[in-house]
Amino acid sequence: MPIIEIVFYLFAAVLVASALSVVTVGNPVYAVLFLVLSFFSAACIWLLLEAEFLAIILVLVYVGAVMVLFLFVVMMLDVGGGQKKAQFARYLPVGLLVALAMAGQLFLVIWTQGFEAQFMPEPYPEGFSHTRALGELLYTDYLYAFEIAAVLLLVAIIAAIALTHRRRPETRYQDPSEQIKVRKAERVRLVSMPSEKEGASGNGNGQEGS
Amino acid sequence: MMLLDLQLALPEIFVLTTACVVLLADLFIPANRRGLTHLLATLVLIFAAILTARLMMAPGEVAYAFSDTFVRDRFGDILKIFSYLTLAAVFIYAKHYLRQFNLYKGEFYTLSLFALLGIMVMISASSLLTLYLGLELLALSSYALVALNRDSLQGSEAAMKYFILGSLASGLLLYGMSLIYGATGSLDLAAISAGLSGSAGDSLLLTFGLVFVVVGVAFKLGVVPMHMWVPDVYHGAPLAITLFIGTVPKIASLALVVRLLEDGLGNLHGDWQLMLVIIAALSLILGNLAAIAQTNIKRMLAYSTISHMGFMLLGILAGTNEGYAAAMFYTLAYVFMSAGAFAVVILLSDGEREADQIEDLKGLAKRNPWYAFMMLMLMFSLAGIPVFLGFFAKWQVIAATISAGFTGLAILAVVMAVVGAFYYLRIVKVMYFDEPEDTHVIAAPVDFKTLLTINGVGVLALGLFSSGLIKLCVSAFS
């Protein structure tokens with residue numbers, strides 16, 4: 001038992017620290033990286049709760065795909081952290097107010113309900129697989145709905161491509177077969193010029209290649 | 001067991017797989033032979049209709065599949081077959097427009113087929129989960145279709161509005177569904193219905209969920225007070241897409257209302273009836289009055305849609321089998337008429353701009369008497385003038401409203417139908433009594449002309465022989 005608690009507090013501390021860093025750190029790239037760390041810590045806590053499927057999905061989808069996209073966008077847009085500091089000070093009073101209100105609400109809930117777990121589920125027997133249980137339900141009872149949801153994603157892909165993909169006349173792209181078939185006469189032009197008498201600078205003339 | 005499940009969902013499976021085939025095949029079809037994609041998509045619809053008709057002929061009334069998330073019944077089969085037919089007509093009408101406006105792309109067909117799949121899923125849903133997924137599939141395809149013309153500022157604006165408001169409505173609907181799930185403990189519509197019959201169903205949580213569900217449904221129907229998106233989307237979308245949005249998804253909306261409010265929450269009828277009374281009355285008033293002020297025919301038809309959906313709700317709020325059948329008949333009749341009306345606007349458009357002003361119809365009777373006559377019949381039918389299809393549709397829903405005891409509402413509906421007749425007849429006046437300004441020759445492919453003629457004559461023929469269609473609708477609820 002203590003081992004589990006130690007591990008829990010370790011990951012929880014990392015989670016809280018990294019979540020705090022997301023909002024306090026100046027550089028947006030660092031902020032995204034801290035968000036990755038907090039997601040990862042949350043996934044580890046889920047693993048402790050025996051929700052291994054959710055944990056893996058969180059790492060695969062959020063850490064693996066969404067956050068990388070996030071990072072990509074942040075780096076592409078080159079969001080500066082310069083004016084953020086000034087804005088932070090400006091919004092601080094309202095932010096503190098909201099934080100205090102939230103803390104008060106949390107306090108009320110804890111005060112009236114207590115913070116003891118009311119209902120602790122029995123731990124699952126060894127070898128129990130969430131993924132398997134979920135899959136069994138998904139591919140039997142909810143098979144029809146699952147398939148329709150898949151079609152929904154397909155339509156989203158078709159719609160996205162239909163709305164964004166356009167063949168512009170000004171777009172340039174390579175055609176390998178054209179490139180291979182090219183001849184010297186099409187690309188190289190020989191220009192004959194009278195040779196320069198004085199100085200040694202006139203030796204690069206004669207050929208223009210592309 | 002599993003094989004039987006697959007057999008019941010055969011039309012859905014077929015449409016899904018062939019939509020993927022069309023998607024792939026379109027990549028290899030050169031742009032000048034896009035007609036092949038059109039042909040493939042139409043073949044998909046024909047074969048899907050055959051498969052659904054076979055299921056309809058098979059014995060056994062109601063069958064559930066996939067752990068009760070899917071239901072096959074007569075109501076669903078009829079609606080599905082009408083959806084295929086309407087989409088096939090939309091394809092033919094749209095082709096003429098898309099060609100002229102340089103939008104003739106394969107994506108139109110694949111997205112429409114996926115939207116159809118969403119409609120089919122909604123029609124056959126017997127669980128809140130599948131109902132919602134079908135709705136999202138339809139909505140997502142529709143958003144993309146509205147934005148299909150990326151060079152059009154109006155189109156992008158309409159798509160943006162549609163997307164944001166649609167997501168909000170989906171959120172509200174989902175919230176209501178989750179509250180109902182919390183109150184009844186089940187996603188299954190039949191189980192929810194059974195759970196509600198035991199208790200009095202007066203729990204606050206349930207009513208709260210019901211309000212959110214009704215608001216979400218009202219948005220999808222486009223009725224007051226959730227109607228804001230309808231005129232803007234109808235106006236901003238390319239005409240062919242407006243034609244699509246104004247027809248096939250209306251069948252899905254009917255299915256959504258019937259599945260949710262009748263199959264699932266039928267025992268809360270007393271709670272939702274009053275909400276629908278208010279929504280229907282406001283839609284009738286606002287739809288008809290606002291339509292009078294429009295100079296753009298797309299916007300006028302959009303406001304007329306709002307009032308027609310109000311009429312449809314009159315049948316639903318009665319809460320009887322007779323009322324549901326009337327609402328179904330009204331929806332099918334409306335889809336048939338509005339497809340023809342949009343087709344005439346497409347017919348008048350040339351490659352430069354859409355003929356979406358009422359002025360563009362000036363003197364159509366002199367330019368082309370036959371299509372002016374078709375438009376005249378369509379307008380008479382939409383106005384609900386006797387002998388035409390629209391009259392019998394209105395008659396059915398008003399009869400259902402009166403038998404449910406809402407005489408005042410029925411009177412309001414009749415008065416509003418008379419007010420509505422003004423703007424439909426104004427179109428007729430513009431066509432027959434004004435001098436033409438635009439004199440370019442009206443040309444369209446043969447299939448377009450034939451279909452428009454069938455559509456125009458159909459509102460008269462189906463009006464004269466409406467008993468067959470009415471019987472079909474009644475049989476869905478008996």
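The shown structure was predicted, so the numbers you read here are calculated from the model rather than taken from an experiment. As a convention, each chain's residues are numbered from 1 in the sequence order in which they are written. For this description, chains carry letters from A and ligands carry numbers from 1, given in the order in which they are written. Where totals are concerned, whole chains, interfaces and linings use all residues; where local detail is concerned, this predicted model gives features only for residues with pLDDT of at least 70, and gives and counts side-chain atom pairs only at 80 or more. Only hydrogens and water are removed before side-chain values are computed, so all heavy atoms of the structure are retained for them.

Student: Quick one: what's the story with the interface of chain B and chain A, residue by residue and with numbers?
Tutor: Between chain B and chain A, the residue contacts involve 27 residues of the former and 20 residues of the latter. Summing both partners gives a buried area of about 2,100 Å² for chain B against chain A, and 80% of it is carried by carbon and sulfur. Considering only the surface of chain B that becomes buried against chain A, B:Leu133, B:Leu140 and B:Arg150 emerge as the three largest contributors, covering 27% of it. Within this document, salt bridges are pairs made up of a side-chain nitrogen of Lys or Arg and a carboxyl oxygen of Asp or Glu, the two lying within 4 Å of each other. Linking chain B with chain A are 0 salt bridges. Counted as a polar contact is a pair of N or O atoms within 3.5 Å, where, for protein atoms, one must be capable of donating a hydrogen and the other of accepting one, and residues adjacent in sequence contribute only when both atoms are in side chains. Here chain B is connected to chain A by 4 residue pairs in polar contact (both at pLDDT 80 or more). Here a strand is any run of E in DSSP of at least two residues, a helix any run of H or I of at least four, and the numbering for each starts at the N terminus. In terms of residue count, the dominant contributor to the side of chain B that touches chain A is helix α6 (residues 128-146) of chain B (8 residues). Class assignment for the residues of the side of chain B that touches chain A results in 17 nonpolar, 5 polar and 5 charged. In what follows, a contact means two residues having at least one pair of non-hydrogen atoms within 4.5 Å. Buried area is a sum: the accessible area each of two parts loses on coming together, probed at 1.4 Å, counted once for each and added. The classification used treats Ala, Val, Leu, Ile, Met, Phe, Trp, Tyr, Cys and Pro as nonpolar, Asp, Glu, Lys and Arg as charged, and all other residues, Gly among them, as polar.

Student: Describe the environment of B:Tyr109, listing the residues and the values that go with them.
Tutor: Residues and elements named next belong to chain B. Counting through the fold element by element, Tyr109 comes out in helix α5 (residues 106-123). In sequence terms Tyr109 and Asn149 are 40 residues apart; their C-alpha atoms lie 14 Å from each other. If we ignore the near neighbours within four places in the chain, the residues touching Tyr109 are Thr37, His38, Ala41, Phe91, Lys95 and Tyr104.

Student: So, helix α6 (residues 143-164) of chain A: which residues are in play, and what are the values?
Tutor: Each α-helix turn comprises 3.6 residues. Residues three or four places apart therefore point the same way. An expected span of 1.5 Å times one less than the residue number is assigned to each helix. Its 22 residues give α6(A) an end-to-end C-alpha distance of 32 Å, which sits within 8% of 32 Å, the value for a rise of 1.5 Å per residue. Within α6(A), the full set of buried residues consists of A:Leu143, A:Tyr144, A:Ala145, A:Ile148, A:Val151, A:Leu152, A:Val155, A:Ile158, A:Ala159 and A:Ala162. Here the buried face of α6(A) lies against α5 (130-138) of chain A together with α1 (2-8), α2 (10-28), β2 (70-72), α5 and α6 of chain B. To sort residues, take the accessible area from a 1.4 Å probe on protein chains only and compare it with the maximum for the residue type: under 20% means buried, over 50% means exposed, and anything in between is partly exposed.

Student: Break down the pattern of salt bridges for me, with residues and values.
Tutor: When charged atoms on two side chains of opposite charge get close, those side chains can pair. Enumeration according to the criterion identifies 15 salt bridges over all chains in this entry. Connected through salt bridges with shared partners, the residues B:Glu157, B:Lys161, B:Asp232 and B:Arg299 form a single ionic network.

Student: I'd like a rundown of the packing of helix α15 (residues 321-348) of chain B against helix α17 (residues 369-383) of chain B, residues and numbers included.
Tutor: Residues and elements named next belong to chain B. For helices, the fitted axis covers only the stretch in contact; all axes are lines through C-alpha atoms, and the angles between them, taken along N-to-C directions, range from 0 to 180 degrees. Where α15 contacts α17, the two axes come as close as 10 Å, and the packing angle between them is 145°. Pair α15 / α17 crosses with left-handed handedness. Facing Tyr334, Met337, Gly340, Ala341, Val344 and Leu347 of α15, the residues of α17 in contact are Tyr371, Met375, Leu378, Met379, Ser381 and Leu382. Residue composition of the contact of α15 with α17, by class: 10 nonpolar, 2 polar and no charged. Helix crossings are classified by the rotation of the near helix relative to the far one: an anticlockwise turn of less than a right angle makes the crossing left-handed, while a clockwise turn makes it right-handed.

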